[in-house]
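Spelled out, the chains give:
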Amino acid sequence: MNTELQRARALLAASGDPVVFTGAGVSAESGIPTFRDALTGLWAEYDPETLATEAGFRANPSLVWDWYASRRERIGQAEPNPAHRAIAAIEAARGRVTVVTQNVDGLHARAGSSDVVELHGSILRARCLAGCGPASGWEADLRSPPRCRHCEAPLRPDVVWFGEWLPHEAVAAAEAAAARCDLMLVVGTSAQVYPAAELPFRARRSGAEVIVINPEPTEIDAIASVVLRGRAGEILPALLP
Ligand code: BJW
Ligand code: ZN
């Protein structure tokens, strides 16, 4: 076994409180596209200003709703991959592992992780654009977008778009996890989107070891104790005892 992998296994085995911080790369092997990969990422084909901002939604609600609906359908057909399952297995072996994810696909929970902090919301939920709160029963509404039952305003996907605040409770839980953990596994994120990308730095400042798992270099490599270059679905299972 290669030395870096051995070091990572030892750090995980010695950790009393690991936290896993994930991005789109952890779901790539489930067939869900990432955002910034040069050829296959969503932002190579689609414009984030048009599709992932409130202004873009207000300008063309049905275009944006349909784009999210097609992604939701693809996610519904996808299955958790060996990376999601390995993370759930780490929890099963130890009792608790907080997973802080930027992903909106719900695959960590489907793989069996029970403590998942969703920093960028969930594509499986919708909420009222006018602020009434979470919506229910909208799946059967075939309008694009469906309308709020209380005020008839359009519903929007319950995800965090550019320029929007992250859900306060999720940020608080993620910051607490980063401050308290003794090991943070940073898996499949380009770490270019803030404030989420601050979390590994927060963990490192509090003395945690950082392990990066990614086929490509990232800004986090500089503060990592170990960098494992490769696919999450191949590397994470190899970290298990
Ligand atoms: C693998 C793999 C395999 C591949 N195994 N790995 C200038 C202008 C305007 C705004 C800003 C600005 N400068 C900074 C900002 C703030 C902005 C920001 O950070 N922008 C940067 C892009 C510059 N942030 C925000 O706006 C945030 N809000 C905020 O700051 O509020 C305060 C505020 C209020 C008012 C005004 C201004 C500020 C909100 C950010 C919301 C991000 N939303 C999205 C869309 C979610 C909904 C949806 O799904 O459509 O979240 S964007 C997208 O990026 C998505 C992701 O969660 C997020 C992070 O991406 P991630 O997960 O890292 O994916 P990729 O594709 O980048 O990387 C994939 C990685 O996987 C790569 O490294 C691959 O190598 C790797 N990989 N295969 C392992 N098999
Ligand atoms: Zn409403």
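Attention here is on the structure that accompanies the text. (Residues numbered from 1 in each chain as written. Chains lettered and ligands numbered in written order. Predicted model: local features only at pLDDT ≥ 70, side-chain atom pairs only at ≥ 80, totals over all residues. Heavy atoms only, no water.)

Right, let's talk about the site of ligand 1 for a bit. Surveying the vicinity of ligand 1 reveals 35 residues, the closest of which are Arg 36, Tyr 68, Arg 71, Thr 189 and Ser 190. One of the backbone nitrogen or oxygen atoms of Phe 35 is found 2.7 Å away from an oxygen atom of ligand 1. Within the backbone of Glu 164, one N or O atom sits 2.7 Å away from a nitrogen atom of ligand 1. Mapped onto the shell around ligand 1, the elements with two or more residues apiece are α2 (25-28) and α6 (61-77). Taken together, the residues that form the shell around ligand 1 break down as 17 nonpolar, eleven polar and seven charged. Viewed by domain, the shell around ligand 1 spans two of them, domain 1 (3-32 + 79-120 + 166-239) and domain 2 (33-77 + 122-159), each represented by three or more residues. (Near = heavy atom within 4 Å. Polar contact = N/O pair within 3.5 Å; in protein donor to acceptor, adjacent residues only side chain to side chain. Helix = DSSP H or I, 4+ residues; strand = E, 2+ residues; numbered from the N terminus. Nonpolar A, V, L, I, M, F, W, Y, C, P; charged D, E, K, R; others polar. Domains from an automatic or database assignment.)

This paragraph deals with the coordination of the zinc ion (ligand 2). Coordination of the zinc ion (ligand 2) by the protein involves Cys 128 (SG), Cys 132 (SG), Cys 148 (SG) and Cys 151 (SG), with metal-donor separations of 2.3 Å. Counting along the primary sequence, the residues that act as donors to the zinc ion (ligand 2) give the motif C-x3-C-x15-C-x2-C. Separated by 23 residues along the polypeptide, Cys 128 in strand β4 (residues 121-128) and Cys 151 in the loop between β4 and β5 (155-159) bring together distant segments of the chain. By relative accessible area, Cys 128 is classed as buried at 2%. Classification of Cys 151 as partly exposed rests on a relative accessible area of 35%. (Donors = N, O, S within 2.8 Å, 3.2 Å for Na, K, Ca; no water. Buried < 20%, exposed > 50% of the residue type's maximum accessible area, 1.4 Å probe, protein only.)

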